[in-house]
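One letter stands for each residue in the lines below.
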Amino acid sequence: MSKLKKWIREDSSLFALFLLFLAVAIGLRLAVGKSMYTPERMLLMGYQVPEFGLIALGMTFSFLLGGIDLSLVANANLSGILGAYVLSGAWFTGMPAQAVVFIGICTALFAAVAGGLLNGIMIAKFSVPPMIATLATMTFYNGIAMALTGGGSLTGFPEIFIRFGTARLAGIPVIFLIFIVVTLILGLILAKTGLGRKIYLYGENPIATRFSAIGNERLIILVFCLNGLLAGLSGLTIISRVTTAKVGYGDAYLVQAMLVAIIGGVSPSGGRGKISGVMIAIATIQVLSSAFTIWQLSPYNRKLIWGFVLIFVIFVNHLIGIRSRRKEKRAAQN
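Residues numbered from 1 in each chain as written. Predicted model: local features only at pLDDT ≥ 70, side-chain atom pairs only at ≥ 80, totals over all residues. Heavy atoms only, no water.

Student: Is there a simple way to think about the side chain of Ser 267 in this case?
Tutor: Examined against the element boundaries, Ser 267 turns out to sit in the loop between α12 (253–263) and α13 (275–294). The exposure class of Ser 267 is buried, given its relative accessible area of 10%. Ignoring anything within four residues of it in the chain, the contact list for Ser 267 reads Phe 63 and Arg 272. (Helix = DSSP H or I, 4+ residues; strand = E, 2+ residues; numbered from the N terminus. Buried < 20%, exposed > 50% of the residue type's maximum accessible area, 1.4 Å probe, protein only. Contact = heavy atoms within 4.5 Å.)

What follows is the structure, given as structure tokens:
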């Protein structure tokens, strides 16, 4: 009990976020009924979480640097489409299914990391603001994907790849377990490694770190390459689950990713936030999304709701920030 009290006292914001999750989860159970948390519904959540959860982790790292990555979903789509060309046999024929799957996965991940590298180079080497750089690459990646597919879809993946997208271990989706492992690794990197400390230091004061031994340019490029890797994993997760690749999958994930990061306590200004808070926020958004599915809300209405919630959360965070600064000012005067 003493450890619980210590955690609540030392990390009250995380505890408040956990209470918010419980309130949303219980409130939706009362509003929706028994169909909210059936075994089938929980299993579907397990398949859906990694898709936007990986994008949300990428957005988290962008925010921690004090930037943003608007190209995450476009990069995920493009890498998934490039991987799908290999998996469908459009580029490689007469090869064993295992080899095709391996080459397809490597193609998708390589393309996604290359996309992240382009973002990093534009921001670090050419001093392009992250919003402008990633908006440009988002348009560029979507354009490439549209040119490759003509707006159509790619299907015909090997059975072994399709089974991976629906596989379960001890009743839990394998892709969800992989997502948990990736999240734990990223959490350890931020909390326990020099790279994590450098990311926080850069986000807090990029000018000061410029005169230190951190190496700002290398750090920015590394983080955006990591974002690319996360986008590639998300793209592979999507095409393995829906067994098709097409431009436009996961368009709403970009707003959801920003919403998750901000609700999870990650400051868009950089230097503040924890993976644990992001995980609670992911669970909260997924529960809400599942309720929207039960209520059969259209994608347009969902985008409206996510946009409204994002504006509301930003406004509330702004008010909280003003209040905190006033308290600090009064404390300094006293």
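What follows picks up the thread again.
Student: In this structure, what is going on with the pattern of salt bridges? I would like to understand it.
Tutor: Side chains that differ in sign of charge can pair as their charged atoms come close. A full pass over the atoms with the stated rule returns two salt bridges. Here Glu 51 ties to Arg 241 by a salt bridge, and the two come within 2.3 Å at their closest N and O atoms. Note that Glu 51 is positioned in helix α3 (residues 39–64) and Arg 241 in helix α11 (residues 216–242), a separation of 190 residues in sequence. Residue classification places Glu 51 among the buried positions, given a relative accessible area of 2%. (Salt bridge = Lys/Arg side-chain N within 4 Å of Asp/Glu carboxyl O.)

Student: Whenever I open this one, the layout of surface pockets confuses me. Can you help?
Tutor: In this structure, the largest pocket spans a volume of roughly 1200 Å³. Only α2 (12–32), α12, α13 and α14 (299–333) provide two or more residues apiece to the lining of the largest pocket. Classifying every residue of the lining of the largest pocket by side-chain character gives 19 nonpolar, 13 polar and five charged. By volume, the second largest pocket amounts to about 530 Å³. Elements with a minimum of two residues in the lining of the second largest pocket: α3, α11, α12, α13 and α14. In terms of residue count, α14 provides more of the lining of the second largest pocket than any other element does, four residues in total. When its residues are assigned to classes, the lining of the second largest pocket shows nine nonpolar, seven polar and five charged. (1 Å grid on protein atoms, 1.4 Å probe; cavity = no way out; pocket = protein on both sides within 12 Å on 5 of 7 lines; lining within 4 Å. Points joined across faces, edges and corners; volume = space filled by probe spheres on them. Nonpolar A, V, L, I, M, F, W, Y, C, P; charged D, E, K, R; others polar.)

Student: Please clarify how empty space enclosed by the protein should be interpreted in this entry.
Tutor: Where empty space is left becomes clear once a probe the size of a water molecule has been rolled over the atoms. Summed over all chains, the structure comprises one cavity of 30 Å³ or more. The space that makes up the largest cavity amounts to roughly 50 Å³. Lining the largest cavity are Ala 76, Asn 77, Gly 80, Ile 81, Gly 235, Ile 238, Ile 239, Ala 245, Lys 246 and Tyr 249. For the lining of the largest cavity, the secondary structure elements donating two or more residues are α4 (72–87), α11 and β4 (245–246). Considering every element that reaches the lining of the largest cavity, the biggest residue donor is α4, with four residues. Residues belonging to the lining of the largest cavity are distributed by class as follows: six nonpolar, three polar and one charged.

Student: In this structure, what is going on with the environment of Gly 264? I would like to understand it.
Tutor: Take Gly 264: it is sitting in the loop between α12 and α13. Placed ten residues apart in sequence, Gly 264 and Lys 274 show a C-alpha to C-alpha distance of 7.6 Å. Residue contacts for Gly 264: discarding those within four places in its chain leaves Leu 17, Lys 274, Gly 277, Val 278 and Ala 281.

Student: Help me understand the nonpolar core in this model?
Tutor: For soluble globular proteins, nonpolar side chains are generally found buried alongside one another. If you look at the biggest cluster of nonpolar residues, it comprises 59 residues, and the most contacted ones within it are Met 59, Phe 63, Ile 199, Val 260 and Ile 282. Considering every element that reaches this core, the biggest residue donor is α3, with ten residues. Beyond its immediate sequence surroundings of up to four residues, Ile 282 is in contact with Val 49, Phe 52, Gly 53, Ala 56, Phe 179 and Val 260. Formed by 18 residues, the second largest nonpolar core is a distinct cluster that contains Ile 81, Ala 84, Phe 161 and Ile 239. (Core = buried A, V, L, I, M, F, W, Y, C linked by side-chain atoms within 4.5 Å.)

Student: For this particular structure, what's the right way to read the packing of aromatic side chains?
Tutor: The relative placement of two aromatic rings is captured by the distance of their centres and the angle of their planes. Counted under the stated rule, the structure contains five aromatic pairs. Geometrically, the ring pair formed by Phe 52 and Tyr 253 is tilted, given 6.0 Å between the ring centres and 40° between the ring planes. With Phe 52 in helix α3 and Tyr 253 in helix α12, the pair connects residues that are 201 residues apart, well separated along the chain. Taken as a pair, Phe 52 and Tyr 253 share a single burial class, namely buried. (Phe/Tyr/Trp six-rings, centres within 6.5 Å; stacked < 30°, edge-to-face > 60°.)

Student: Would you mind going over the packing of helix α8 (residues 174–192) against α11 with me for this structure?
Tutor: Describing two packed helices takes the angle between their axes plus the distance from one axis to the other. Direction vectors running N to C along α8 and α11 enclose 170°, while the axes themselves pass 12 Å from each other. One way to sum up the angle between α8 and α11 is to call them roughly antiparallel. Contact residues: α8 offers Ile 175, Val 182 and Leu 186, while α11 offers Leu 226, Leu 230, Leu 233 and Thr 237. By residue class, the composition of the contact of α8 with α11 is six nonpolar, one polar and no charged. (Axes fitted to C-alpha atoms, helices over the stretch in contact; angles between N-to-C directions. Parallel < 35°, antiparallel > 145°, perpendicular 65-115°, else oblique.)

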